[in-house]
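Fold and contact review
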Amino acid sequence: MRIFTAVLATETNTFSPICVDRRAFEASLYAPPGEHPETPTLCSAPITVGRRLAAEKGFELIEGTATWADPAGLVNRLTYEGLRDEILDQLRAALPVDAVVLGLHGAMVADGYEDTEGDFLTRVRNIVGPDILVCAELDPHSHLTAKRRAAADFFVYFKEFPHTDFVDRAEDLWRIALDTLAERIKPVMSVFDCRMIDVYPTSRDPMRSFVDKIMRIEAEDPDILSISVIHGFMAGDVPEMGTKVLVVTDGKPEKGTALARELGLELFSKRGTFIMPQIDEKQAVSRALAAAVGPVVIADVWDNPGGGTAGDATVLLAELLAQGAQDTAVGTIWDPMAVQICMAAGEGAEIQLRFGAKSAPGTGNPIDGIVKVVKLVRNAEMRFGESYAPFGDAAHIRLDGIEIILNTTRAQSFDPSLFSVMGIDPTSKKILVIKSTNHFYASFAVIAAEILYCSAGTPYPNNPARTPYRRAPRDIWPMVDNPHGLP
Ligand SMILES: [Zn+2]
């Protein structure tokens, strides 16, 4: 038995000014066949789990290229076509195969391709023919299109957000694939369109209970092979944007359709209650200043480079300056040009500097001032779990009593070590401002007296009712109140 596997993934915020070329894929993950590391990144677990199963069960795994770019804006057309054709050529060379098991993200948009995964899967299907199993693991922050469904046998999505379960879901994907090849089961997809778009952290209710419930159904009902909630990705302005429920049954499409509808309407009934409550920048800074003890961590939740933004918004910093905050550190503001100027000036220099808010509207205004260059670090890194996340050449500057870290490689604020490597003791500060939506929580909760979730400016299209979509559907919630015509 011969099975082909490959990975082609990124998450495209079509409103982001940061375009993605081949260099961006190579900077994040680019592994030619056989060269994928032992440990998986988000979308590449089908390769590492496939290797283990191939060794255990004695089938032949043919690896294609595995590549992933960190979330940003539109993918360059030649970059997408080049990576796609590289993998398709590898698949042709591998024929005959019994199955194709892929790692995708599901929200990639390339210049000229609104549905890259639909395009890619259709070409895979055309190469292998109608009878060969084609399946993929995907990120729930994606778009489930009719074209993708038509081209593949089944999909499995991560259930958790933060995505802590990408290896577990790759195990599900492979189990269903191998059972199908052994003719023990026959997977069929049923989909319900919730006609809504929302954000669904699974670290809190109501989504925590919902995910527990669908996992119980999977465990208890042998007809149900897999249930996924495709959260949708509101920063992707594409025609099939929105939340969907996918039920994969063992040859029971009507049962799957009924269950998908029941679960989808349950989600719809809870619309607007999933996300953590947020306050604006004025409230956040006032509350932090009034707090008895620090550090108070203010998360600038929507200027998160992990969601594709530049990470250079200054709305919160401007408010800190306006309210006269002291004993405060801000990590980070992305501005390669300003870092270059600080590097030229050298540590200890006092210079006039303009920095931040150059990437897009809704991110505030550039900050001007006489700043002190306190510390410069080449190739700075912060801890991220067991490994390290780079944030590039970085400058620690001081302006009106506020310590600010400027960086050159966009990165969300995963860990307090981003401050310490720049010479700032995070535990000694009254206020820490960071850029992250959700991933920061585990490491910052350890040192924080209080955590405030702040929605500042509009660096990210986080209010779908007001986002100027050109391609996304306008007849879903919250753009309309009652898209299902329910009584
Ligand atoms: Zn995601």
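Keep in mind that this is a model prediction, so the values were computed, not measured.

1. A look at unusual backbone geometry
At the junction of Leu95 and Pro96, the peptide bond is cis and its omega measures out at 0 degrees in the coordinates. By the element assignment, Pro96 lies in the loop between helix H3 (77–94) and strand E4 (99–104). Even without being a glycine, Arg195 presents a positive backbone phi close to 55 degrees. Its location among the elements puts Arg195 in the loop between strand E7 (187–193) and helix H7 (207–220). We classify Arg195 as partly exposed; its relative accessible area is 24%. Even without being glycine, Asp400 reaches a positive phi, approximately 50 degrees.

2. Things to note about the coordination of the zinc ion
Looking at the zinc ion, the protein donor atoms are Asp139 (OD), Asp139 (OD), His141 (ND1) and His163 (NE2), and they sit 2.1 to 2.5 Å from it. Coordination at the zinc ion is irregular, judged from the 4 donor atoms that bind it and the angles of 54 to 148 degrees they form at the metal. Site description for the zinc ion: donor spacing in sequence, D-x1-H-x21-H. Of the two residues, His141 sits in the loop between strand E5 (133–138) and helix H5 (146–151) while His163 sits in the loop between strand E6 (154–157) and helix H6 (166–181), which places them 22 residues apart along the sequence. What makes His163 buried here is its relative accessible area of 9%.

3. So, the pattern of salt bridges
Summed over all chains, the structure comprises 38 salt bridges. Glu26 is the partner of Arg22 in a salt bridge, and the nearest nitrogen-oxygen pair spans 3.1 Å. With a gap of 4 residues between them, Arg22 and Glu26 both fall in helix H1 (residues 22–28), about one helical turn apart. Measuring nitrogen to oxygen at the nearest pair gives 2.8 Å for the salt bridge that ties Glu218 to Lys159. On the criterion of sequence distance, the pair formed by Glu218 in helix H7 and Lys159 in the loop between E6 and H6 is long-range, its members being 59 residues apart. The pair Glu218 / Lys159 is uniform in exposure class, with both members buried. Look at the salt bridges and you will find they share partners, linking Arg84, Asp85, Asp119 and Arg123 into a network.

4. Description of the packing of aromatic side chains
Summed over all chains, the structure comprises 12 aromatic pairs. Each member of the aromatic cluster is reached from another via a ring pair, and the members are Phe440, Tyr441, Phe444 and Tyr453. Directly above the ring of Tyr30 sits Arg22, whose terminal nitrogen or CZ lies 4.8 Å from the centroid. Looking at Arg271, its charged tip hangs above the ring of Phe268, at a distance of 4.2 Å from the centre.

5. Some details on the sheet that holds strand E12 (residues 350–355)
The mixed open sheet is built from 8 strands, whose spatial order is E12-E13-E14-E15-E11-E16-E10-E17. If you trace the sheet from one side to the other, it starts and ends with E12 and strand E17 (450–454), each paired once. With strand direction ignored, the average angle separating the axes of adjacent strands in the sheet is 30 degrees. Two elements, strand E10 (residues 296–300) and strand E16 (residues 431–434), share 4 bridges in a ladder whose sense is parallel. Residue pairing across strands places Val297 opposite Leu432, the latter belonging to E16. Where helix H9 (residues 281–290) meets the sheet, it contacts E10, E16 and E17, and its direction lies at approximately 165 degrees from that of E17. Strands in contact with helix H11 (residues 336–345) are strand E11 (328–334), E12, strand E13 (367–384), strand E14 (387–399) and strand E15 (402–407); relative to E12, the strand with the most contacts, it is inclined by about 170 degrees.

6. Considering the environment of Leu321
Structurally, the position occupied by Leu321 is in helix H10 (residues 315–322). Through-space distance from the C-alpha of Leu321 to that of Ile402 is 8.1 Å; in sequence the pair is 81 residues apart. Excluding its chain neighbours within four sequence positions, the residues that come into contact with Leu321 are Ile367, Leu399, Asp400 and Ile402.

7. Describing the pairing of E4
Counting buried residues in E4 gives 6 out of 6 residues, a clear majority hidden from the surface. Looking at chain direction, strand E1 (residues 2–12) and E4 are connected through 6 bridges and run parallel. Looking at the pairing, Leu8 lines up with Leu104 of E4. Bridge count between E4 and E5: 5 bridges; the pairing is parallel. The residue bridging Leu102 from the neighbouring strand is Ala136, located in E5.

8. With respect to the domain arrangement of the protein chain
For interface size, the figure often reported is the accessible area lost on association. Here the protein chain is partitioned into domain 1 (2–269) and domain 2 (281–454). On a C-alpha basis, the centres of domain 1 and domain 2 stand 34 Å from each other. When the two sides are added together, the surface that domain 1 and domain 2 hide from each other amounts to roughly 850 Å², 61% of it contributed by carbon and sulfur. In this assembly, domain 1 and domain 2 are joined by 0 salt bridges.

9. Concerning H7
Given 3.6 residues per turn, any residue in an α-helix points the same way as the ones three and four places further on. Between the first and last C-alpha of H7 there are 20 Å, a value that for 14 residues agrees with the 20 Å anticipated at 1.5 Å per step. Where H7 is concerned, the buried positions are Met207, Phe210, Val211, Ile214, Ile217 and Glu218. Buried residues in H7, looked at end-on, bunch into an arc of 120 degrees, giving them a common side. For H7, the exposed residues lying more than 90 degrees away from the buried face are Ala219 and Glu220. Its buried side turned inward, H7 meets strand E8 (224–230) and helix H8 (253–269).

The rules behind these values
- Residues numbered from 1 in each chain as written.
- Predicted model: local features only at pLDDT ≥ 70, side-chain atom pairs only at ≥ 80, totals over all residues.
- Heavy atoms only, no water.
- Helix = DSSP H or I, 4+ residues; strand = E, 2+ residues; numbered from the N terminus.
- Buried < 20%, exposed > 50% of the residue type's maximum accessible area, 1.4 Å probe, protein only.
- Donors = N, O, S within 2.8 Å, 3.2 Å for Na, K, Ca; no water.
- Tetrahedral: all angles 85-135°; square planar, octahedral: opposite > 155°, others 65-115°.
- Salt bridge = Lys/Arg side-chain N within 4 Å of Asp/Glu carboxyl O.
- Phe/Tyr/Trp six-rings, centres within 6.5 Å; stacked < 30°, edge-to-face > 60°.
- Lys NZ or Arg CZ within 6 Å of the ring centre and 35° of its normal.
- Pairing = 2+ DSSP bridges.
- Axes fitted to C-alpha atoms, helices over the stretch in contact; angles between N-to-C directions.
- Contact = heavy atoms within 4.5 Å.
- Domains from an automatic or database assignment.
- Buried area = accessible area lost by both parts, 1.4 Å probe.
- Expected span 1.5 Å × (residues − 1).
- Arc of directions from axis to C-beta.

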